[in-house]
Amino acid sequence: MKRIYRYSTIGCLIYLIFSVTTVWGAIEKPVYTQDKPITGIELTIYNEQLALVKDQRYLELLSGVSTLSFSEVSALLDPSSVMIRIPGLAGVRVLEQNFEHDIVNGSKLLQKYLGQKIQITDLQGEMVEGYLLGAGENLIIASEPNGGEVRIVQSAQVKSIIFSKLPGGLMVRPTLVWELQNTNPTAKRLVEVSYLTGGLSWKADYIATISENDDRIDFMGWVTLTNHSGIDYSGARLKLVAGDVHRAPEEERAYATKFLKAEMAQDVANSGFQEQSFFEYHLYTLTRPTTLKNNQLKQVELLTVAAVPVQKRYVYEGMADSKKVKVMLEFENSSANHLGMPLPKGVIRVQKADHEGSLQLIGEDRIDHTPKDEKVRIYLGNAFDIVGERIRVQVKEPAKNVREETYKITLRNHKQESVSITAIENISGWHESKIILSNQPYRKSEAGKVEFNVTIPAGGEQVIEYTVRYKL
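Quick caveat: nothing in here was measured; it's all calculated off a predicted structure. Sequence order as written defines residue numbering, which begins from 1 separately in each chain. Note on the predicted model: pLDDT of at least 70 is required for a residue's local features to be given, and 80 or more for side-chain atom pairs to be given and counted; whole-chain, interface and lining totals, by contrast, use all residues. Side-chain calculation: all heavy atoms of the structure are included, whereas hydrogens and water are not.

Caption draft 1: Layout of the overall build of the protein. Numbering goes from the N terminus for both helices and strands, where a helix is a DSSP run of H or I of at least four residues and a strand is a run of E of at least two. Secondary structure summary: the protein contains two helices and 34 strands in total. Split into buried and exposed, the 472 residues of the protein put 44% on the buried side. Here a residue-residue contact requires only that any non-hydrogen atoms of the pair lie within 4.5 Å. Across the protein, the fraction of contacts at a sequence separation of at least 24, relative to all contacts at a separation of at least 6, is 70%. For the area figures, the Shrake-Rupley method with a 1.4 Å probe applies, and any residue is considered shielded solely by the protein chains shown. Taken as a whole, the protein presents about 24,900 Å² of accessible surface, with 48% of it coming from carbon and sulfur. Exposed residues in this analysis have more than 50% of their type's maximum accessible area, buried residues have under 20%, and partly exposed residues fall in between, with area computed by a 1.4 Å probe over protein chains only.

The structure is reproduced here in structure tokens:
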């Protein structure tokens, strides 16, 4: 059955690109079915199975009332997001918009041909011709439209079926169809169509190779694109949006009417991408066309930089009596460190050359969207030769609604070189908390947390002991 959708707007994202001018016009109703050439495709892909497709083609636009078909569109498009525009042409109005996606297949053909004549050839080469009365596990064929001699043909024995023509309502591929009113003379015009679709997504992946002294990394970023939308996008102009874009629930989706203008662009570390601030997000534009085939996974370089200064940190968070000491890498996403562009969220894998020069994985982590000049922290795993131990040694209540707790943290280093360790303690939980006694210097790192930084010699240990006072 034909599905009819009223002309609608895509909202915030497509308003950035399109506006539609419509004027009343009239008269007869010829039909025109589109054919290529395609003059250009632009893809704006978001992180979570969402993309904005802008498709430009030169099509013959007939005068009066006509039907315009636009095939080779995504099978997963959102019909309510579709917009059509004929640049520089007034006097065109969209009367109806249809998304025809009842794609032809064997089962649908049989259902459409119930009551009509077909021709069957079985595995033995015998030909049976008659009217199809039933199509399921077996085919029921009659000599007349409403009866006569009836024959059952097992589906497993069917070699081929001949249908006289493709029935109405079935399409070879998903197609957008508009009924238009055009007051202008018939002519070829540039037609711009845009829509939101599922089935397209991208993610960022990073590889960091750390130096022998653990103080520098060579840093590479890749964009991984996936296409399961049902069609190819050849020679597409590609844009990627990084950020947490909110979408309304399906039953009550509404869009804002505009975005703010993009700010100044910067090149991304000699790669093919150009980065721009875009509203509260970041836009990465590939500076060359690319082809993204259906059911394809494609990787494109995002950035490549060398010798980024990093700091290796050992972190002990002694909650729940854990003895594990975390190994972290930390670097600043700054121009001074040969970076300085907003990094999209993604998985970062860290590798290092062993004594034979072979690169080995030493850990991986997932980073969030990281703005310029913010720190990137990578959790690689737990140290093998460093352990921690935390115990509560004393609790007392010197006054009403006052509680004092004393903790002892012992950190042991079994390495052959000295190490620096940061012990992080959470002292929140009451209305007021304050350290009143400590044998080691500390600093407040964030609300409710303090950090103790100690250096432990090879084969040695350090003890941190402090008392915190809580008040209601």
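Let us keep going from here.
Caption draft 2: Molecular detail of the pattern of salt bridges. Salt bridges are identified by distance alone: a Lys or Arg side-chain nitrogen within 4 Å of an Asp or Glu carboxyl oxygen. A complete count under the given rule lists 21 salt bridges for this structure. We note a salt bridge from E330 to R313, for which the minimum N-O separation is 3.1 Å. With a gap of 17 residues between them, E330 in strand β24 (residues 326-332) and R313 in strand β23 (residues 311-316) connect regions that are remote in the sequence. For E330, a relative accessible area of 8% translates into the label buried. For E405, the salt bridge identified is with R403, shortest N-O distance 2.7 Å. Of the residues examined, E405 reaches a relative accessible area of 8% and is grouped as buried. Through salt bridges with shared partners, a single network forms among R313, E330, K375 and R377.

Caption draft 3: Representation of the nonpolar core. For the purposes of this section, nonpolar cores are sets of buried Ala, Val, Leu, Ile, Met, Phe, Trp, Tyr and Cys residues that join through side-chain atoms within 4.5 Å. Within the largest apolar cluster, 83 residues are counted, with the highest numbers of intra-cluster contacts made by L43, I45, L176, W178 and F219. At six residues, strand β15 (residues 200-210) tops the list of elements feeding residues into this core. Counting nine residues, the second-largest nonpolar core is a separate cluster that includes V128, L132, L139 and I141.

Caption draft 4: Quick look at the packing of aromatic side chains. In this analysis, rings of Phe, Tyr and Trp, with Trp reduced to its six-membered ring, are considered paired at centre separations within 6.5 Å, and the interplanar angle assigns stacked below 30 degrees, edge-to-face beyond 60, and tilted for intermediate values. Summed over all chains, the structure comprises seven aromatic pairs. Taken together, the ring pairs connect Y407, Y442, F452 and Y466 into an aromatic cluster. Both a distance and an angle decide whether a charge sits over a ring: NZ of Lys or CZ of Arg must be within 6 Å of the ring centre and within 35 degrees of the ring normal. Sitting above the plane of the F70 ring, R57 keeps its charged end 3.8 Å from the centroid.

Caption draft 5: Looking closely at the sheet that holds strand β34 (residues 461-471). Within the open sheet, the four strands sit side by side as β28-β29-β34-β31. Their pairing is antiparallel. Lying at the two open borders of the sheet, with one neighbouring strand each, are β28 (386-399) and β31 (432-438). In this sheet, adjacent strand axes meet at a mean angle of 25° when their direction is disregarded. Two strands make a pair as long as DSSP finds a minimum of two bridges between them. Note on method: axes are straight lines fitted to C-alpha atoms, helices fitted across the in-contact stretch only, with angles between N-to-C directions ranging 0 to 180 degrees.

Caption draft 6: Region of interest: the pairing of strand β14 (residues 187-197). Inspection of the sheet shows strand β4 (residues 51-61) paired to β14 by eleven bridges, in the antiparallel sense. Directly across from L52, in β14, lies its bridge partner L196. Where strand β6 (residues 83-85) meets β14, three bridges bridge the pair, whose relative direction is antiparallel. Its bridge partner being in β14, R85 is matched across the sheet by E192.

Caption draft 7: Highlighting the side chain of Q56. Relative to the helices and strands, Q56 is located in strand β4. Classification of Q56 by relative accessible area gives buried; the value is 14%. Separated by 2.7 Å, the side chains of Q56 and E192 make a polar contact. For the purposes of these results, a polar contact is taken to be a pair of N or O atoms within 3.5 Å, where, inside protein, one atom must be able to donate a hydrogen and its partner to accept one; residues adjacent in sequence count only when each atom of the pair is a side-chain atom.

Caption draft 8: Representation of the pairing of strand β25 (residues 346-353) within the structure. The sheet contact formed by β15 and β25 spans seven bridges and is parallel. Paired with T209 across the two strands is Q351, which belongs to β25. Note: β25 against strand β26 (residues 359-367), eight bridges, orientation antiparallel. Directly across from K352, in β26, lies its bridge partner Q360. Where β25 folds back on β26, the antiparallel hairpin that results is connected by five residues, among which G357 adopts a positive phi of roughly 90°.

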